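# Commentary on secondary and tertiary structure
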Amino acid sequence: MKKEVILVVDYGTSNVRVNAIDTDNGDILHSASKKYLVKSIKSGYAEISVDHLWDFSQECMGRVMEQMAEYEEPAAIAFSFFGDNLIPVDRKGNALNDCILCTDSRGAEEAEYICSMIPEEEQKKIIGDTYMPYKFGAKLLWYKNHVEEADKKAVAYDTQQQYIFRKLGLSPVNDYTMAARKQLCTLENQTWSKRFLDVLGISEEALGTEIIATGEIAGYVNTYGDVRFKKVLPVIAGGHDCDVGLIGMGVIDESYSILGDITGTFDHVGYLSAGIVNLSIERPESPLRSYNGPLPNTSVCLGAIPTAGATLEWFMREINEDTSQEAYRKYWDSVQFEGGSTVLVHPTLDGNRGKIEGIGVTTTKRDMFQAVIEALTFENRRLIEDCESCRKTKVESVRIGGGAANSDEWMQLRADVSGKRIERMKNIQISSLGAAVLAAVRIGKYQSLDEAVEHMVHVADVFIPDLEVHEKYEKKYKGFMEKMGYTKEEKSYEI
């Protein structure tokens, strides 16, 4: 009997990965990845070559197919995508520009213009948030304002989800979550907001008129570029990496006493809630924001540390001058997290707001590494507390996936600082797993999402707080909160 696998194309902001995931237990059977270069031709610009997005995914798909055994059979293709990106395309579906990333801030003036035309309170009612330079509409308006004859050449403004579907010969549909991340979609009925479209001077057709469930079939293919399959496969729409990542950790019901923590360049903490939730209106003091979720009639409630992984990478690159795994391991083996260090890091490197204080003539790189990890862990605790204040149920456990989950030391520190039970997932590539779970349900392998999660999503390790260490960190955490100036009136993180 053939073993059914889901082929998941997982787009990150630094590489694309293809994982062949076992539908019986959620394990990754085969995997291939390739890094692409993030280009920055001017300050604030961040782009990835559209050719790399497509060509590298083809290469990875081919390598995975070569690894597969005779008894393993692809049953579907699914996707995980990074959000808040823009690819303008012409009438033939050809890209007119490389993919403008979520971290690209060139649309600052355009974001201000949008806010001048649509008051912030009105924006919150429509999309559940307010406009910033990083958002899709600001990038779109920048393109229209700065590229010659943009209105004549560009007939559509895609995300990489839609662009990849075009390359597969499919209709350029948006799933619920990627439509929501365009920040032009009404929370109430998941349709494009006429108010925003009028300000941007675009039509619904330019955004893609079809919005489908994240686990729905977007079409069928028997090839992925140059890679040919033995049979026709359904293509599951997939969705925003954070949102399918929650499913990949089994965080599918707010009544559960668990949160999900998706670590990487960003550190996202959140949960799925039933119904339409608008935290910007219901909890205006909270830095969390909410938008339409991957399942029908659900909302994602999410907070983020936008420079989590980037802050650590900056330290290793610029201060340590060695980013090798051996260098990381050297630090993890030598630091002692006991709450006694005087060094304090402000990890807000976005907007050039970061700083290090409390250093002296005896301060070492190890002390600074420890302070970076502690600061990111304090920020993480803050997001956990924000989620807890917005939920209907108390949080007892936090499930973690992504790159940070590789470190036992960091998992224990998160438990000690937060006072919560930390659960590391068996398959830490949670966005790929979440997309595979949705696909397994859609192809009929399982009759419900609950059943699929029971079989495919598993906790590998549990880290219990050391109460003595927790008490030592309480004072330092409170000092961190005061130093960072966190108040009830603060603005939300960019998610």
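My aim in this report is to walk through the structure given alongside it, one point at a time. (Residues numbered from 1 in each chain as written. Predicted model: local features only at pLDDT ≥ 70, side-chain atom pairs only at ≥ 80, totals over all residues. Heavy atoms only, no water.)

### Observations regarding the overall build of the protein chain
- If you tally the helices and strands in the protein chain, you get 17 helices and 23 strands.
- For the protein chain, the C-alpha radius of gyration of 22 Å lies close to 23 Å, the compact-globule estimate for 495 residues.
- Seen through its C-alpha atoms, the protein chain measures out along the principal axes to roughly 60 × 60 × 45 Å.
- Here the protein chain has roughly 20100 Å² of accessible surface; of this, 47% comes from carbon and sulfur atoms.
- Taking the 56 positively charged and 76 negatively charged side chains of the protein chain as two groups, their mean positions are separated by 2 Å. (Helix = DSSP H or I, 4+ residues; strand = E, 2+ residues; numbered from the N terminus. Rg over C-alpha atoms; globule rule 2.2 N^0.38 Å. Areas by Shrake-Rupley, 256 points an atom, 1.4 Å probe, with all protein chains shown as cover. Lys, Arg positive; Asp, Glu negative; His and termini not counted. Charge placed at Lys NZ, Arg CZ, Asp CG, Glu CD.)

### A few points about the nonpolar core
- Membership of the largest hydrophobic core comes to 90 residues, with the highest contact counts inside it found for Leu312, Phe369, Trp410 and Val437.
- Element by element, the count of residues in this core is highest for helix H13 (residues 365-390), at 12 residues.
- Every residue in contact with Leu312, bar those within four places of it in the chain, is listed here: Tyr328, Phe369, Val372, Ile373, Leu376 and Trp410.
- In this structure, Ile48, Phe81, Ile87 and Tyr163 belong to the second largest nonpolar core, which totals 44 residues. (Core = buried A, V, L, I, M, F, W, Y, C linked by side-chain atoms within 4.5 Å. Buried < 20%, exposed > 50% of the residue type's maximum accessible area, 1.4 Å probe, protein only. Contact = heavy atoms within 4.5 Å.)

### Topic: the pairing of strand S21 (residues 397-402)
- Burial of S21 is extensive: six of the six residues sit out of reach of the surface.
- Residue alternation in S21 divides its side chains into two sets, Ser397, Arg399 and Gly401 and Val398, Ile400 and Gly402, and both sets are buried.
- In this structure, strand S15 (residues 258-263) lies alongside S21, joined through six bridges in parallel fashion. Its bridge partner lying in S21, Gly260 is registered against Arg399.
- Pairing of S21 with strand S22 (residues 421-425) involves four bridges; the strand directions are parallel. What sits directly across from Arg399, in S22, is Glu423.
- At this point the chain moves from S21, through helix H14 (residues 408-418), to the parallel S22, and the crossover so formed is right-handed. (Pairing = 2+ DSSP bridges. Right-handed = clockwise from strand over helix to strand, strands pointing away.)

### Quick word on the pattern of salt bridges
- Scanning the entire structure with this criterion turns up 38 salt bridges.
- Through salt bridges with shared partners, one network takes in Lys3, Asp22, Asp24 and Lys445. (Salt bridge = Lys/Arg side-chain N within 4 Å of Asp/Glu carboxyl O.)

### Here we look at the sheet that holds strand S17 (residues 289-292)
- Strand order across the open sheet formed by seven strands is S17-S18-S16-S15-S21-S22-S23, with mixed pairing between neighbours. Either end of the sheet is taken by a strand with one partner, and the two such strands are S17 and strand S23 (459-463). The mean angle between the axes of side-by-side strands here comes to 30°, regardless of whether they run parallel or antiparallel.
- In this sheet, strand S18 (residues 298-305) lies alongside strand S16 (residues 267-274) in antiparallel orientation, the contact comprising eight bridges. From the neighbouring strand, Leu272 faces S18, where its bridge partner is Val300.
- Set on the sheet, H13 makes contact with S15, S16, S18 and S21; between it and S16 the angle comes to about 10°. (Axes fitted to C-alpha atoms, helices over the stretch in contact; angles between N-to-C directions.)

### Observations regarding the sheet that holds strand S5 (residues 47-48)
- Strand order in this open sheet of three strands is S4-S5-S8, and the pairing throughout is antiparallel. Edge strands, defined here as strands with exactly one partner in the open sheet, are strand S4 (38-39) and strand S8 (99-100).
- Taken together, the two bridges between S4 and S5 define a ladder with antiparallel strand orientation. Opposite Val38, over in S5, you have Ile48 as the bridge partner.

### A word on the state of the cysteines
- On inspection of all chains with the given rule, the structure shows zero disulfides.
- Free cysteine Cys102: the closest other cysteine sulfur is in Cys99, separated by 8.7 Å. (Disulfide = S-S within 2.5 Å.)

### Side note on the packing of aromatic side chains
- This structure, assessed with the given rule, holds 19 aromatic pairs.
- For the pair Trp332 and Phe337, a centre-to-centre distance of 6.3 Å together with 55° between the ring planes defines the contact as tilted.
- On the accessibility criterion, Trp332 (8% relative accessible area) is buried.
- Note on Phe378 and Tyr473: the rings are 6.1 Å apart at their centroids and 70° apart in plane angle, and the pair reads as edge-to-face. In this pair, Phe378 sits in helix H13 while Tyr473 sits in helix H17 (residues 467-484), placing the two residues 95 residues apart along the sequence.
- Accessibility expressed as a relative area gives 0% for Tyr473, which makes it buried.
- Put simply, the rings of Phe315, Tyr331, Trp332, Phe337, Phe369 and Trp410 pair up and form one aromatic cluster.
- Here the guanidinium or amino end of Lys34 rests over the ring plane of Phe56, the centre of that ring lying 4.3 Å away.
- The ring of Tyr271 carries Arg391 above its face, with NZ or CZ at 5.1 Å from the centroid. (Phe/Tyr/Trp six-rings, centres within 6.5 Å; stacked < 30°, edge-to-face > 60°. Lys NZ or Arg CZ within 6 Å of the ring centre and 35° of its normal.)

### Notes on the side chain of Asp243
- Take Asp243: it is sitting in helix H9 (residues 241-247).
- Buried charge without a partner: Asp243 forms no salt bridge, and the closest opposite charge is Arg181, 6.3 Å away.
- Dropping the residues within four chain positions of it, Asp243 is found in contact with Thr177, Tyr291, Pro294 and Val300.

### Quick look at helix H1 (residues 50-67)
- Under the 1.5 Å per step criterion, the end-to-end length of H1 is 26 Å for 18 residues, consistent within 8% with the ideal 26 Å.
- Residues Val50, Leu53, Trp54, Phe56, Ser57, Gln58, Cys60, Met61, Gly62 and Val64 constitute the buried set of H1.
- N-capping of H1 is provided by Ser49, with a side-chain oxygen placed 3.2 Å from the backbone N of Asp51. (Expected span 1.5 Å × (residues − 1). Polar contact = N/O pair within 3.5 Å; in protein donor to acceptor, adjacent residues only side chain to side chain.)

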